[in-house]
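Below, each chain spelled out in residue letters.
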Amino acid sequence: NAGVTQTPKFQVLKTGQSMTLQCAQDMNHEYMSWYRQDPGMGLRLIHYSVGAGITDQGEVPNGYNVSRSTTEDFPLRLLSAAPSQTSVYFCASSQRDRGGYTFGSGTRLTVV
Amino acid sequence: SQQGEEDPQALSIQEGENATMNCSYKTSINNLQWYRQNSGRGLVHLILIRSNEREKHSGRLRVTLDTSKKSSSLLITASRAADTASYFCATDGQAGTALIFGKGTTLSVSS
């Protein structure tokens, strides 16, 4: 199994540009989440989903959109990138009631 | 606001010593989990303890949970240089649908 796959691994955007961070898992996990990690801040929850067609906001959702049309995919969209969105983004998935999450290797995003 | 807060923020020990990290959280939980992150990498799940459990072991790891104090501790026994990493606690909250992380403890094990 590939686990959780995130693409791209690195991205540089200009302020105001939009882009989509991709996340795919092949473990048939119901739960998927997006986090951002900034120095000294740990991981902060952006959006999460408990199944196809169901999404909800986390701690820091502003400036980000998500959708979950299939169990496998959970893309994160930046509508109009800002320098404050420079961060490392992690996607994670888990099977319901199993607890432990599997993380992707991350996308390092720089907004200039 | 973040649910879990780890203590200490940084810990430096010698190989063979034990490392203890603490985590406090704010709201009721179904379970508490610990993760490890090596520099520049994704997080790896270490151990999960449910709210009705008080202690759990996995290899050199020992986790305790005190729900009355809303706190947990992670003990790594006989530390190795390969244990050098950041360690995070995470809680699932009452809904149990997503994890909320603390800011982590950075562990450095020198040989």
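This text follows the structure it describes.
This text gives an overview of the structure that appears in the document. This structure is a prediction, so every number in the text was calculated from the model and none was measured.

Rules and cut-offs
Residues numbered from 1 in each chain as written. Chains lettered and ligands numbered in written order. Predicted model: local features only at pLDDT ≥ 70, side-chain atom pairs only at ≥ 80, totals over all residues. Heavy atoms only, no water. Helix = DSSP H or I, 4+ residues; strand = E, 2+ residues; numbered from the N terminus. Buried < 20%, exposed > 50% of the residue type's maximum accessible area, 1.4 Å probe, protein only. Areas by Shrake-Rupley, 256 points an atom, 1.4 Å probe, with all protein chains shown as cover. Lys, Arg positive; Asp, Glu negative; His and termini not counted. Charge placed at Lys NZ, Arg CZ, Asp CG, Glu CD. Pairing = 2+ DSSP bridges. Axes fitted to C-alpha atoms, helices over the stretch in contact; angles between N-to-C directions.

1. Some remarks on the overall build of chain B
Then, in step 1: From N to C terminus, chain B includes 0 helices and 11 strands.
Then, in step 2: Going residue by residue from the N terminus, the α and β elements of chain B occur as β-β-β-β-β-β-β-β-β-β-β.
Then, in step 3: Here the C-alpha coordinates of chain B stretch approximately 40 × 30 × 20 Å along the principal axes.
Then, in step 4: For chain B, the proportion of its 111 residues judged to be buried stands at 48%.
Then, in step 5: Accessible surface, chain B: about 5,200 Å² in total, of which carbon and sulfur atoms supply 43%.
Then, in step 6: The centroid of the 12 positive side-chain charges in chain B is displaced by 4 Å from the centroid of its 10 negative side-chain charges.

2. Here's the deal with the sheet that holds strand E7 (residues 64–66) of chain A
Residues and elements named next belong to chain A.
Then, in step 1: Strand order in the open sheet formed by 4 strands is E1-E3-E8-E7, and the pairing between neighbours is antiparallel. Single-partner strands in this sheet number two, and they are strand E1 (4–7) and E7. Averaged over all pairs of adjacent strands, the angle between strand axes in this sheet comes to 20°, irrespective of strand direction.
Then, in step 2: Across 3 bridges, the pairing between E7 and strand E8 (residues 76–78) is antiparallel. Bridge pairing in E8 links Val66 to Leu76.

3. Digging into unusual backbone geometry
Then, in step 1: In this chain, A:Thr7 is followed by A:Pro8 through a cis amide linkage whose omega measures -5°.
Then, in step 2: When you line up the elements, A:Pro8 lands in the loop between E1 and strand E2 (10–13).
Then, in step 3: Between B:Asp7 and B:Pro8 the backbone carries a cis peptide bond, its omega angle lying at 0°.
Then, in step 4: Among the structural elements, B:Pro8 can be located in the loop between strand E1 (5–7) and strand E2 (10–14).
Then, in step 5: Its identity as a non-glycine residue notwithstanding, A:Asn28 has a phi of 60°, on the positive side.
Then, in step 6: Its location among the elements puts A:Asn28 in the loop between strand E3 (19–25) and strand E4 (31–38).
Then, in step 7: You will see that B:Lys70, though not glycine, has its phi angle at about 50°, which is positive.
Then, in step 8: Following the sequence through the fold, B:Lys70 ends up in the loop between strand E7 (61–66) and strand E8 (71–76).

4. So, the pairing of strand E9 (residues 85–91) of chain B
Residue and element names in this part refer to chain B.
Then, in step 1: Here E9 lies mainly inside the structure; 7 of its 7 residues are buried.
Then, in step 2: Side chains Ala85, Tyr87, Cys89 and Thr91 of E9 all project onto a buried face; the interleaved residues Ser86, Phe88 and Ala90 project onto the opposite face, where all are buried too.
Then, in step 3: Inspection of the sheet shows strand E4 (residues 31–37) paired to E9 by 6 bridges, in the antiparallel sense. Residue pairing in the sheet places Tyr35 in a bridge with Phe88 of E9.
Then, in step 4: The pairing of E9 with strand E11 (residues 105–110) spans 3 bridges and is classified as antiparallel. Among the inter-strand pairings, Tyr87 is bridged to a residue of E11, identified as Thr105.
Then, in step 5: One ladder, built from 2 bridges, connects E9 with strand E10 (residues 100–101); its direction is antiparallel. Bridge pairing in E10 places Ala90 opposite Phe101.

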